[in-house]
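Coordinates in review
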Amino acid sequence: MRFLFITLFPEQIEQAAGHSIIKRAVDAGLVEVSCINPRDFATDRHRTVDDTPFGGGAGMVLKPEPMVAAIRMAKQQLPAARVIAMCPGGRTLKQDIVEEYARSGQDLILVCGHYEGFDERIFNWVDEKLSIGDYVLTGGELPALIVMDAVARFIPGVLGKMASAVEDSFSTGLLEYPQYTRPVEFEGLEVPEVLRNGNHALINRWRRKEALKATYLHRPDLLAELGKEDVLLLNEIKQELAGDN
Ligand SMILES: CN(C)c1ccccc1CNc1ccc(C(N)=O)cn1
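Read on for a plain summary of the structure. (Residues numbered from 1 in each chain as written. Predicted model: local features only at pLDDT ≥ 70, side-chain atom pairs only at ≥ 80, totals over all residues. Heavy atoms only, no water.)

1. What about the overall build of the protein?
The line we're drawing: Numbering of helices and strands starts at the N terminus; helices are DSSP runs of H or I of at least 4 residues and strands are runs of E of at least 2. We compute the radius of gyration over the C-alpha atoms and compare it with the globule rule, which gives 2.2 Å times the number of residues raised to the power 0.38. Burial classes: relative accessible area under 20% of the type maximum marks a residue as buried, over 50% as exposed, and values in between as partly exposed (1.4 Å probe, protein chains only). Residue contacts follow a heavy-atom distance rule, with two residues in contact if any of their heavy atoms lie within 4.5 Å. The accessible surface values rely on the Shrake-Rupley method and a 1.4 Å probe; as for residues, cover is taken only from the protein chains in view. In this tally, Lys and Arg are treated as positive and Asp and Glu as negative; His is ignored, and so are the chain termini. Charged side chains are reduced to one point each, which is NZ for Lys, CZ for Arg, CG for Asp and CD for Glu.
If you tally the helices and strands in the protein, you get 9 helices and 9 strands. Radius of gyration (C-alpha) of the protein: 23 Å, far over the 18 Å computed for a compact globule of 245 residues. Projecting the C-alpha coordinates of the protein onto the three principal axes gives extents of approximately 70 × 45 × 35 Å. Taking all 245 residues of the protein together, 40% fall into the buried category. Long-range contacts, defined as pairs at least 24 residues apart, comprise 74% of the intrachain contacts of the protein with a sequence gap of at least 6. Roughly 14,500 Å² of accessible area belongs to the protein as shown, and the carbon and sulfur atoms make up 54% of that amount. Averaging the coordinates of the 27 positive side-chain charges in the protein and doing the same for the 36 negative ones gives two points 3 Å apart.

As structure tokens, this is what we get:
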């Protein structure tokens, strides 16, 4: 899967993609990362990519010519790719959208903005506006890197044999259950007994119950329709929580 970033700061992308899991995925040929800099398409001597907004107002706006020239070049390289512009006002990224991108297998062209944003006409060359959440950042590079990270996790081989993106919390629809590793006792804090005696049925029950408890306490909005099993576990949780008070 190829991720092509349209960015004025390619070094930020290359640097971020040069570590850990993404780097291993690139080295293994599972993921390809490349950048196109709109500044290379600026025709004037000063290689201008931004200008003052019509109608006045503070800040600068990204000029359409260099951005669209860069998007055209990207589409030439990846004709079947989906063009996504990272914008605060776009559709908000959720795990189901991540899975949609991963399942489609489509290469992604990620358009990163700066200054006060894009000239509106640029969106005629964009398939979709996407936001990573309701907050404003100085540029679209970090949001674009987050999209790449979240999608890359679903590419077979990227997470390695042991881990799998499919079972992780947002794929189960619940929050994470607590994780523990060695040592068994740390600063007087012990690993729960149930996890140490290896009875898989009890371990899975404990984990499901902990995930339900975490979700019930911190994200009750995620507790949509629950199966019979989960309703029983949730009742136990409520009793235990009531008992604690
Ligand atoms: C400079 N701004 C405000 C801007 C305005 C319009 C487009 C891009 C940008 C770049 N900034 C971004 C981008 C994305 C997100 C997000 N939530 O995904 C937050 N900020």
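Moving on from the coordinates now.
2. Some remarks on the state of the cysteines
We count it as follows: Disulfides are defined as cysteine sulfur pairs within 2.5 Å.
Tallied over the full model, the rule gives 0 disulfides. Not engaged in a disulfide, the cysteine Cys35 finds its nearest cysteine sulfur in Cys112; these two sulfurs lie 8.1 Å apart.

3. Describing the site of the ligand
Here is the rule: For each residue, the test is whether any non-hydrogen atom lies within 4 Å of the molecule or strand; if one does, the residue is near. For this analysis, a polar contact is any N or O atom pair within 3.5 Å, provided that within protein one partner can donate a hydrogen and the other can accept it, and provided that sequence-adjacent residues contribute only side-chain to side-chain pairs. In the scheme used here, Gly and all other residues not listed as nonpolar or charged are polar, with Ala, Val, Leu, Ile, Met, Phe, Trp, Tyr, Cys and Pro taken as nonpolar and Asp, Glu, Lys and Arg as charged.
In the vicinity of the ligand, 17 residues are found, and the nearest of them are Tyr115, Ile132, Gly133, Tyr135 and Leu137. One of the backbone N or O atoms of Leu137 is found 2.9 Å from a nitrogen atom in the ligand. Examining the composition of the shell around the ligand, we find that 3 residues originate from one element, strand E5 (residues 82–92), more than from any other. Tallied by class, the residues present in the shell around the ligand amount to 10 nonpolar, 6 polar and 1 charged.

4. With respect to a nonpolar patch on the surface
Test applied: The patch calculation keeps residues exceeding 30% relative accessible area without a salt bridge and links them within 9 Å when they carry like charges or within 5 Å when they are nonpolar (Val, Leu, Ile, Met, Phe, Trp, Tyr). Salt bridges, as used here, are contacts in which a Lys or Arg side-chain nitrogen is within 4 Å of a carboxyl oxygen on Asp or Glu.
Residues Tyr135, Leu137 and Leu142 make up a contiguous nonpolar surface patch of roughly 300 Å² in combined accessible area. Mapped onto the elements of the fold, Leu137 is located in the loop between strand E7 (128–131) and helix H5 (141–152).

5. Considering the sheet that holds strand E2 (residues 32–36)
The condition that has to hold: Pairing between two strands is assigned when DSSP locates at least 2 bridges connecting them. Only the stretch in contact is used when a helix axis is fitted, and all axes are lines through C-alpha atoms; the angle between N-to-C directions ranges over 0 to 180 degrees.
Pairing is parallel across the open sheet formed by 5 strands, whose spatial order is E2-E1-E6-E5-E7. The open sheet has two free edges, formed respectively by E2 and E7, since each of these has just one partner strand. In this sheet, neighbouring strand axes are inclined to one another by 35° on average, regardless of whether the strands run parallel or antiparallel. Inspection of the sheet shows E5 paired to strand E6 (residues 108–111) by 4 bridges, in the parallel sense. In the strand pairing of E6, Ile84 is matched with Leu110.

6. Topic: unusual backbone geometry
Here the amide bond leading from Arg182 into Pro183 is cis, since omega sits at 5°, within 30 degrees of zero. Checked against the element boundaries, Pro183 lands in the loop between helix H6 (169–172) and strand E8 (185–186). Within the chain, Tyr115 stands out as a residue other than glycine whose phi angle is a positive 55°. Position of Tyr115 relative to the elements: it lies in the loop between E6 and E7.

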